[in-house]
Amino acid sequence: MEMFQMLLSQLQNGGITEIAEKLGVSTTQAEKAVNGALPSLMTELANKSKSAKENNDDNHFLSLLDKNKDGSVMDDIKALVAKGGPNSGDVTSLVSSILGGKSDKVVNELSKTSGINPAQAGGLLSMVAPLIMQTLSKTKTEGGLDLAGMSSLLDNQKDKARENAKASGLDGILNMLDADKDGSVIDDAMGLLGKFMK
């Protein structure tokens, strides 16, 4: 099974229900938000690994994975959900380390597309992020992958994530992440201007 589908299956197997209960939203809203959150986080991790590879910055990206290698949480969705949430401290900082300056953009788009409020969207991201990081860390360790290997893996999973988002009608959230991957508002504005000029 592809990593992206495995992550999605783990969340669908009770995880979405737990997330919905903790955030006080419907399972439909939680599922739609997960279908946007998972591709967004995977896309940015793929972008970060590619950038690290291009800049020969192995340590920064790989150390991020090594900080999140507690595989036990992958076996317990309830523990995953309990660890996350709007006031989850270190877990929320994990989301920031993945999305960087794009965090607010992703949170607001998740909120808009799924019908939950921004605090709930941020909380949901903080529940999903540890599962992704621990899965990647386990894959890295078991496969003996270096940065090049992780970058190749993530690039492939990024395409799978985009396909899922598109099928769910949520590819707009990925399109909002600017083309040059640096989160620049100016670049976003120029991109929008280009669309209107066509």
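These numbers come from a predicted model, not from an experiment.

Enquirer: Outline the overall build of the protein, supporting the account with residue identities and numerical values.
Expert: Looking only at helices and strands, the protein features 10 helices and 0 strands. For the protein, the α and β elements follow one another from N to C terminus as α-α-α-α-α-α-α-α-α-α. The buried share of the protein, reckoned over its 198 residues, is 47%. Excluding contacts between residues fewer than 6 apart, the proportion of contacts in the protein whose partners are at least 24 apart in sequence is 77%. Accessible surface, the protein: about 9700 Å² in total, of which carbon and sulfur atoms supply 50%.

Enquirer: So what's going on with the nonpolar core? Which residues, and what values?
Expert: Among the nonpolar cores identified, the biggest contains 49 residues, and Leu38, Phe61, Leu125 and Ile132 are the most heavily contacted of them. Looking at this core, the elements with two or more residues in it are helix 1 (3–23), helix 2 (27–54), helix 3 (58–66), helix 5 (90–99), helix 6 (103–114), helix 7 (118–143), helix 8 (147–167) and helix 9 (172–175). Apart from the residues within four sequence positions on either side, Phe61 is in contact with Leu45, Lys48, Ser49, Ala52, Leu147, Met150 and Leu154.

Enquirer: So, the pattern of salt bridges: which residues are in play, and what are the values?
Expert: Close approach of charged atoms allows side chains with opposite charge to pair. A complete count under the given rule lists 2 salt bridges for this structure. Across the pair Glu44 and Lys102 runs a salt bridge whose closest N-O atoms are separated by 2.8 Å. Note that Glu44 is positioned in helix 2 and Lys102 in the loop between helix 5 and helix 6, a separation of 58 residues in sequence. We classify Glu44 as buried; its relative accessible area is 3%.

Enquirer: How would you explain the environment of Lys160 if you had to name every residue and give the values?
Expert: Tracing the backbone shows Lys160 in helix 8. Put simply, Lys160 and Glu2 are 158 residues apart on the chain and 8.5 Å apart in space, counted from C-alpha to C-alpha. With sequence-adjacent residues up to four places away left out, Lys160 is seen in contact with Glu2 and Phe4.

Enquirer: Let's hear about the environment of Asp171: which residues, and what values?
Expert: By the secondary structure assignment, Asp171 is in the loop between helix 8 and helix 9. When the C-alpha atoms of Asp171 and Gly36 are compared, they prove to be 7.8 Å apart, with 135 residues separating the residues in sequence. When residues no more than four places from it in sequence are discounted, the contact partners of Asp171 are Arg162, Ala165 and Lys166.

Enquirer: Break down helix 2 for me, with residues and values.
Expert: Compared with the 40 Å implied by 1.5 Å per residue over 28 residues, the 40 Å span of helix 2 between its first and last C-alpha is a close match. Looking one or two places after helix 2, you find Asn56, whose phi comes out positive at around 50°.

Enquirer: Lay out the packing of helix 1 against helix 8 with the relevant residues and their values.
Expert: Running from N to C, helix 1 and helix 8 point in directions that differ by 55°, and their axes come no closer than 8 Å. Our classification of the angle between helix 1 and helix 8 gives oblique. Taken together, the residues of helix 8 that come into contact with helix 1 (itself represented by Met3, Phe4, Gln5 and Leu8) are Leu153, Gln157, Lys160, Ala161 and Asn164. Here the contact of helix 1 with helix 8 is composed, by residue class, of 5 nonpolar, 3 polar and 1 charged.

Definitions and limits used
- Residues numbered from 1 in each chain as written.
- Predicted model: local features only at pLDDT ≥ 70, side-chain atom pairs only at ≥ 80, totals over all residues.
- Heavy atoms only, no water.
- Helix = DSSP H or I, 4+ residues; strand = E, 2+ residues; numbered from the N terminus.
- Buried < 20%, exposed > 50% of the residue type's maximum accessible area, 1.4 Å probe, protein only.
- Contact = heavy atoms within 4.5 Å.
- Areas by Shrake-Rupley, 256 points an atom, 1.4 Å probe, with all protein chains shown as cover.
- Core = buried A, V, L, I, M, F, W, Y, C linked by side-chain atoms within 4.5 Å.
- Salt bridge = Lys/Arg side-chain N within 4 Å of Asp/Glu carboxyl O.
- Expected span 1.5 Å × (residues − 1).
- Axes fitted to C-alpha atoms, helices over the stretch in contact; angles between N-to-C directions.
- Parallel < 35°, antiparallel > 145°, perpendicular 65-115°, else oblique.
- Nonpolar A, V, L, I, M, F, W, Y, C, P; charged D, E, K, R; others polar.

By themselves, these are just geometric observations and shouldn't be taken as functional.
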